[in-house]
Each structure stands twice: as C-alpha cells, then as structure tokens.
Amino acid sequence: MDTIVILQQTLDYVDEHITDDITPECLAAQAGFSTWHFCRVFQWGVGYTVMAYVRKRRLAFAACELASGKRILDISLKYRFDTHSGFSKAFRRYFGCSPATYRLHARGGRPNPPSLPRTNDYLTGGIILEPIFVTLPAVKLAGYVIKTTSSDGENSKTIPAFWQAYMTDGRMDKLHAERFVKAHDEYGVCFPEDPQNGAFDYVIGVERKEGEAVPDGYHTCAIPPASYAVFSTPPSNAEHFVSAIQGTWNYIFSEWFPKSGYEYAPDCVDFERYDDRCMSDVGKVCEIYIPIVKKKN
C-alpha cells in the first residue's frame, strides 16, 4: 500500500481515538511497521514527530470544545493533559492566548480532518494544520522595502532574492542592533497592489517601539488592525523552507479559502512572521497571517 495512504489512515485513526491513550507503538502496529521505521516515515510525511502531532490535534479538539461551556479542567483531562496548568501552558504556546481568552471566540464542532494527499499536491513537505484565529491591533514596523509586481510571477523571484540580500549584506544585523527595535521577530509584508499595473510594496521589517526615533535609511509603515487566520508552515529544513512557504500560500488560496466561509478582509494586508523557529537548520516554521471577514450570505 502507498505510504501516503497508510499515513492518512494513521491521521484518521488519531482523530477517531483522540481521547484514547495513543502511543507511537500502537500507531506503528496499526500501520504494520516497526516503531522505529514508522516514526521516521511519519516525520517525513507529516512534518512532525508522532507525539508532537497528536498533541497538536488534541489541542485543536480542545479549542473547539471550549465553546461548549465545559470547565477548562474537564476539557484538559479529557484530552489527556495531566494538569490544568500543563494544558494552559501548552495551549498558550500553540494558540498564543490562554484557554479562557480563546473561549470568548471559540467555535463549536469537530476540527476539519487533515488530508495528506491534498496538501502534498502543494509540495509543502508535510501537512498543514488548520489555522488559528486572532485579532491584532496595528503593528508599526521599520525596515526595508522593495517595489515588485505579481505580473508574470515576478514577485516569486524578487522577494526571495530580497530576503537573501537582506540576510547576507549586513542589513539584517544592522536593523536588529537598533535601539528602536521592540521585538526581533521579522515580518514580510505585502502592501496593497496598484490595480492598474499589479505593482506593490514588499517590506521586511521588525516591530518598532512607540515614540522611539527611527534613523534615515529605514522604511517605516504600519500593518492595520485586523482579524487573521494564522497558518503555520510545515516544519522543514533550510533547503525546502521556501517551497514549504510557497506551498502553504497555494493551499490557502486554492483549498482553504473556497471552503472556509471567510473572504479576504478589505483594506488589510497579509504577512509572514518569522520567529526563533526559523533560526535552526531543521524544523523551520514561519507563520502566515491572512486578514479575514465572514462571507456575506
């Protein structure tokens, strides 16, 4: 049987037994592999270690169940977290807020099932987990800008080249050493294009402190406040990182948007955010923020 088919059956099994005691050994037995071989194949095909994936799916199920009104402690125990505090820490790391805060905006229902065959069509090198939803205030940036165009795929060449130059010609080190830097996560932002010629500004920047002077030579701008669907790219090595990012973008607009019940929010911008997870040679991940509004009936 094809490996992708076997792995998809494993993912389906995880969802069907999400509250059970799931171990690499039991999943390997289901797949008909030795545990060592199964763990290697799973990480290759899915992009996560077995138990890291199971943990993320349990958090996704728990997040949906927060809308039910059940006690957070009961939900945490149901999804096999030993303590309320352990669940809250894991939840905050994954969703960026506490379970109590997320409950205010929680959606009911079962999380959408993951599909390896579908995401592999986009050459992402691993499965894309469903997005989280956040609302952010305006983010003020300082950094560097280029003007490019979407015509003939020009942006798919100029933007990676812009990043490569930024990381190797000294501008990255110079930017991160400035006093105005509030946080060192890097943003890659596409500002609205000119409808006449498809040209748009692309900015590489970091968040700047309020009231701190920004020297000449830097470009300053602001990401407007918005609600976002936030996608994490599949963990990948340095060689496949750009492909994982581009594949995730393709998935968002080709697969996710048509079935999501959302549309792109007007007068907003999308962006990529790069944090410490991008620094290693393996397991590199970035986040893609898509501004959204509910579709009108």
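Bear in mind the structure is a predicted one, so any value in this text is a computation, not a measurement.

Draft legend 1. Seen up close, the packing of helix H1 (residues 3–16) against helix H2 (residues 24–31). Remark: H1 packs on H2, axes separated minimally by 10 Å, with the N-to-C direction vectors making an angle of 130 degrees. As the angle between them shows, H1 and H2 are arranged oblique. Seen along the crossing, H1 lies across H2 with a hand that is right-handed. Contact residues: Ile-6, Thr-10, Tyr-13 and Val-14 in H1; Leu-27, Gln-30 and Ala-31 in H2.

Draft legend 2. Representation of the nonpolar core in the model. Core analysis: the biggest nonpolar cluster contains 56 residues, and Tyr-53 and Ile-223 have the highest contact counts within it. When residues in this core are grouped by element, the largest group, seven residues, is from helix H4 (residues 50–65). The residue makeup of this core includes at least three contributed by each of domain 1 (3–118) and domain 2 (132–294). Non-local contacts of Tyr-53, meaning those with residues more than four positions away in its chain, are made with Leu-11, Val-14, Phe-42, Val-46, Tyr-48, Pro-114, Ile-127 and Leu-129. The next biggest cluster of nonpolar side chains, apart from the first, holds 31 residues, and it includes Ile-128, Val-181, Ile-245 and Tyr-251.

Draft legend 3. Looking closely at the pairing of strand E9 (residues 287–294). Of all eight residues making up E9, six are buried, and the element is well covered by its neighbours. Bridging between strand E6 (residues 226–232) and E9 involves five bridges; their strand directions are antiparallel. Its bridge partner being in E9, Ala-229 is matched across the sheet by Ile-290. Taken together, the three bridges between strand E7 (residues 262–264) and E9 define a ladder with antiparallel strand orientation. Each residue of the ladder has a partner; that of Glu-263, found in E9, is Val-293. Where strand E8 (residues 270–274) and E9 come together, three bridges link them in antiparallel fashion. Pairing of Glu-272 across the sheet is with Ile-288, part of E9.

Draft legend 4. Layout of the packing of aromatic side chains. For the structure shown, the criterion picks out 21 aromatic pairs. Aromatic side chains Phe-61 and Tyr-79 sit 6.4 Å apart centroid to centroid with 35 degrees between the ring planes, which places their arrangement in the tilted category. With Phe-61 in helix H4 and Tyr-79 in the loop between helix H5 (72–78) and helix H6 (84–95), the pair connects residues that are 18 residues apart, well separated along the chain. Residue Tyr-79 is classed as buried on the basis of its relative accessible area, which comes to 4%. An aromatic cluster of at least three residues, connected via ring pairs, comprises Tyr-144, Trp-163, Tyr-166, Phe-180, Tyr-218, Phe-241 and Tyr-274. Seen from the ring of Tyr-262, Lys-294 lies directly overhead, with NZ or CZ sitting 4.6 Å from the centre.

About the criteria used
- Residues numbered from 1 in each chain as written.
- Predicted model: local features only at pLDDT ≥ 70, side-chain atom pairs only at ≥ 80, totals over all residues.
- Heavy atoms only, no water.
- Axes fitted to C-alpha atoms, helices over the stretch in contact; angles between N-to-C directions.
- Helix = DSSP H or I, 4+ residues; strand = E, 2+ residues; numbered from the N terminus.
- Parallel < 35°, antiparallel > 145°, perpendicular 65-115°, else oblique.
- Left-handed = near helix turned anticlockwise from the far one by under 90°.
- Contact = heavy atoms within 4.5 Å.
- Core = buried A, V, L, I, M, F, W, Y, C linked by side-chain atoms within 4.5 Å.
- Buried < 20%, exposed > 50% of the residue type's maximum accessible area, 1.4 Å probe, protein only.
- Domains from an automatic or database assignment.
- Pairing = 2+ DSSP bridges.
- Phe/Tyr/Trp six-rings, centres within 6.5 Å; stacked < 30°, edge-to-face > 60°.
- Lys NZ or Arg CZ within 6 Å of the ring centre and 35° of its normal.

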